[in-house]
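A closer look at the structure
Each chain, letter by letter, is given below.
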Amino acid sequence: MAASVVLDPVDLHLLRLLQNDARATYRDLAAQVGVAPSTCLDRVARLRRSGVILGHQLRLDPAKLGRGLEALLSVQVRPHRRELVGPFVERIRALPESRTVFHLTGPDDYLVHVAVADMTDLQRLVLDEFTARREVARVETRLIFQQWDCGPLLPPGHALPKPAEQA
């Protein structure tokens, strides 16, 4: 497990802002946290070097790309051995439908978030890419009706202030 990094209030504020808008300029960030742009640049560079900031991602709307149906596939692999796990994970990660793969504890070994065109495409994916594999013992499918992004990730004990109560 990687060691956590000590973050001060300015670092935390920068991380909150960047998680909400990764395209913000250093000048804008600096103004919002009350430091010089050069200080802001140095702090963000340090957060990258220390591994706190892992990168920037472009988010796409799956429905607008013809993948309007999303599902979570719970997968049980048997036998659950390293020589089968590695190739299984790499194959699943290579599928264009796969969004995220989680290795789990409990009765299921993997949770795979997929985006497909429709139910027929989901059935094809499950039958041809999952259950057709010898090591896959079981697949359980759950459709995603809706999803929400949550607030920025912060270290324990650094919760965001709660919104004011509506009158």
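Check the entry above for the structure.
A few points on the structure. None of these values were measured; they are calculated from a predicted model. (Residues numbered from 1 in each chain as written. Predicted model: local features only at pLDDT ≥ 70, side-chain atom pairs only at ≥ 80, totals over all residues. Heavy atoms only, no water.)

A word on the overall build of the chain. A count of helical and extended segments in the chain gives five helices and four strands. Projected onto its principal axes, the C-alpha coordinates of the chain cover approximately 60 × 40 × 30 Å. At a minimum sequence separation of 6, the contacts of the chain that also span at least 24 residues come to 66%. By element, 55% of the accessible surface of the chain is carried by carbon and sulfur atoms, the whole surface being about 11,800 Å². If the 22 positive side-chain charges of the chain are averaged to one point and the 20 negative ones to another, these points end up 4 Å apart. (Helix = DSSP H or I, 4+ residues; strand = E, 2+ residues; numbered from the N terminus. Contact = heavy atoms within 4.5 Å. Areas by Shrake-Rupley, 256 points an atom, 1.4 Å probe, with all protein chains shown as cover. Lys, Arg positive; Asp, Glu negative; His and termini not counted. Charge placed at Lys NZ, Arg CZ, Asp CG, Glu CD.)

Bringing the sheet that holds strand β3 (residues 110-116) into the picture now. Each strand in a sheet pairs with another by means of backbone hydrogen bonds, the pair being arranged parallel or else antiparallel. Reading across the sheet, the four strands line up as β2-β3-β1-β4 and stay open at both edges, with antiparallel pairing between neighbours. Both outer strands of the open sheet, β2 (98-103) and β4 (136-144), are each paired with one neighbouring strand and no more. When the angles between neighbouring strand axes are averaged without regard to direction, this sheet yields 20°. Bridge analysis of strand β1 (residues 69-77) against β3 gives seven bridges, and the strand direction is antiparallel. Bridged to Leu69 within β3 is Val116. (Pairing = 2+ DSSP bridges. Axes fitted to C-alpha atoms, helices over the stretch in contact; angles between N-to-C directions.)

If you want to describe how two helices pack, look at the angle between their axes and the distance between the axes. Relative orientation of the contacting elements helix α2 (residues 26-33) and helix α3 (residues 37-49) amounts to 100°, with a least axis distance of 8 Å. With respect to each other, α2 and α3 are oriented roughly perpendicular. When α2 is examined against α3, the residues Tyr26, Arg27, Leu29 and Ala30 are found in contact with a partner set consisting of Pro37, Cys40, Leu41, Val44 and Arg48. (Parallel < 35°, antiparallel > 145°, perpendicular 65-115°, else oblique.)

Let us now look at the nonpolar core. Grouped together as the largest cluster of nonpolar side chains are 20 residues, with contacts concentrated most on Leu73, Val75, Phe88, Tyr110, Val112, Leu122 and Phe130. Of all the elements in the fold, those that place two or more residues in this core are β1, α4 (82-94), β3, α5 (119-130) and β4. At five residues, the largest contribution of residues to this core is made by β1. Other than its neighbours up to four places away in sequence, Leu73 contacts Tyr110, Leu111, Val112, Val114, Leu122, Val126, Phe130, Val139, Glu140 and Thr141. Counting 14 residues, the second-largest nonpolar core is a separate cluster that includes Leu7, Leu29, Val44 and Ile53. (Core = buried A, V, L, I, M, F, W, Y, C linked by side-chain atoms within 4.5 Å. Buried < 20%, exposed > 50% of the residue type's maximum accessible area, 1.4 Å probe, protein only.)

Burial of β1 is extensive: eight of the nine residues sit out of reach of the surface. One ladder, built from eight bridges, connects β1 with β4; its direction is antiparallel. If you follow Val75 over to β4, its bridge partner there is Val139.

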